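Chains, contacts and geometry: an overview
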Amino acid sequence: MSEVKLTAETRTEFGKGAARRIRRDNKVPGVLYGHGSDPLHLTLPGHDLLLALRTPNVLISLDIDGKTSELAIPKSVQRDPIKGFLEHVDLQLVKRGEKVNVEIPVHTEGELAPGGNLLEHVLNALPVEAEATHIPEAVTVSVEGLEAGASIHAKDIALPDGVTLAVEEDAVVIQVLAAQAEEAPEGEETEGEEAAEA
């Protein structure tokens, strides 16, 4: 798992006006919390943070004001609904060796059985418990040859060593749905028949 180093500054200004000023400087307001300590309000570099957040559950090494260094994982990210820029981020303090609960993306590989069936992700991300510095980026599940009615449960997914499920074993993660037969609108069949007769 990759570790990304970011330089952060503590902030003393709060409210919408202060947040707007921070974002105008291409920075992002954030909060670091956890381990029973008081929440620490930070300003983070916008572009570097955006790149870091492309990796799910990225481990962030924060250099705060050049004085302290902390490890954190993103817990909540707010984006502008229209423009998509980062508005705010909540980071959770973690320590090396500590177990944390996170959700990891579920990827699929392989082709379903013929017949135009549909694959439904009941859970887009799998809740797991993992060591903070060894969180898997994703899990991959084979759907090769699965037919309508088949489902993959949490317990069926192979997890890396040291990673355990944080959801019921029988929770459905992926299921295969039968294709819906589309009825042709009235009149289309007759046109085809006329063309065949001509």
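Quantities reported herein were computed from a predicted structural model and do not represent experimental measurements.

Further remarks concern the sheet that holds strand 2 (residues 27–34). Pairing in this closed barrel of six strands is mixed, and the strands run 1-3-2-6-5-4 around the ring. Strand-to-strand twist in this sheet, taken as the mean axis angle between neighbours without regard to direction, amounts to 45 degrees. Pairing between strand 2 and strand 6 (residues 86–94): four bridges, direction parallel. Among the inter-strand pairings, Leu32 is bridged to a residue of strand 6, identified as Leu91. In the packing of helix 1 (residues 16–24) onto the sheet, the strands contacted are strand 2, strand 3 (37–45) and strand 6, and the crossing angle to strand 2 comes to about 120 degrees.

Taken as a whole, the largest pocket encloses approximately 180 Å³ of empty space. Lining the largest pocket, in full, are Arg23, Asn26, Lys27, Val28, Gly46, His47, Leu50, Phe85 and Leu86. Contributing elements (two or more residues each) for the lining of the largest pocket: strand 2 and helix 2 (46–52). Residue contributions to the lining of the largest pocket peak at three residues, all from helix 2. Class assignment for the residues of the lining of the largest pocket results in four nonpolar, three polar and two charged.

A separate point is the pairing of strand 6. When you tally the buried positions in strand 6, you get seven out of nine residues, the bulk of the element. Both strand 5 (residues 68–79) and strand 6 contribute to a ladder of eight bridges, which runs antiparallel. Its bridge partner lying in strand 6, Leu71 is registered against Val94. Two successive antiparallel strands, strand 5 and strand 6, enclose a turn made up of six residues, where Gly84 displays a positive phi of approximately 80 degrees.

Looking at the secondary structure, you find Ala154 in the loop between strand 11 (151–153) and strand 12 (164–165). Ala154 sits in the buried class, given a relative accessible area of 0%. Counting along the chain gives 31 residues from Ala154 to Leu123, while the straight-line C-alpha distance between them is 9.4 Å. When neighbours within four sequence positions are excluded, Ala154 is seen to be in contact with Leu126, Leu165, Val167, Glu168, Glu169, Ala171 and Val173.

What follows covers unusual backbone geometry. Of note, the phi angle at Asn26 is positive, near 60 degrees, even though the residue is not glycine. Mapping Asn26 onto the fold places it in the loop between helix 1 and strand 2. With relative accessibility at 61%, the residue Asn26 sits in the exposed group. One non-glycine residue, Asp65, lies in positive phi territory at about 55 degrees. Tracing the sequence through the fold places Asp65 in the loop between strand 4 (59–64) and strand 5.

We now examine the pairing of strand 4. Extensive coverage of strand 4 is indicated by the burial of five of its six residues. By the bridge criterion, six bridges tie strand 1 (residues 3–10) to strand 4 in an arrangement that is parallel. Counterpart to Lys5 in the pairing with strand 4 is Ser61. As defined by bridge partners, strand 4 adjoins strand 5 across five bridges and the pair is classed as antiparallel. Looking at strand 5, one finds that Ile64 is bridged to Thr68.

What counts and how
Residues numbered from 1 in each chain as written. Predicted model: local features only at pLDDT ≥ 70, side-chain atom pairs only at ≥ 80, totals over all residues. Heavy atoms only, no water. Pairing = 2+ DSSP bridges. Helix = DSSP H or I, 4+ residues; strand = E, 2+ residues; numbered from the N terminus. Axes fitted to C-alpha atoms, helices over the stretch in contact; angles between N-to-C directions. Contact = heavy atoms within 4.5 Å. 1 Å grid on protein atoms, 1.4 Å probe; cavity = no way out; pocket = protein on both sides within 12 Å on 5 of 7 lines; lining within 4 Å. Points joined across faces, edges and corners; volume = space filled by probe spheres on them. Nonpolar A, V, L, I, M, F, W, Y, C, P; charged D, E, K, R; others polar. Buried < 20%, exposed > 50% of the residue type's maximum accessible area, 1.4 Å probe, protein only.

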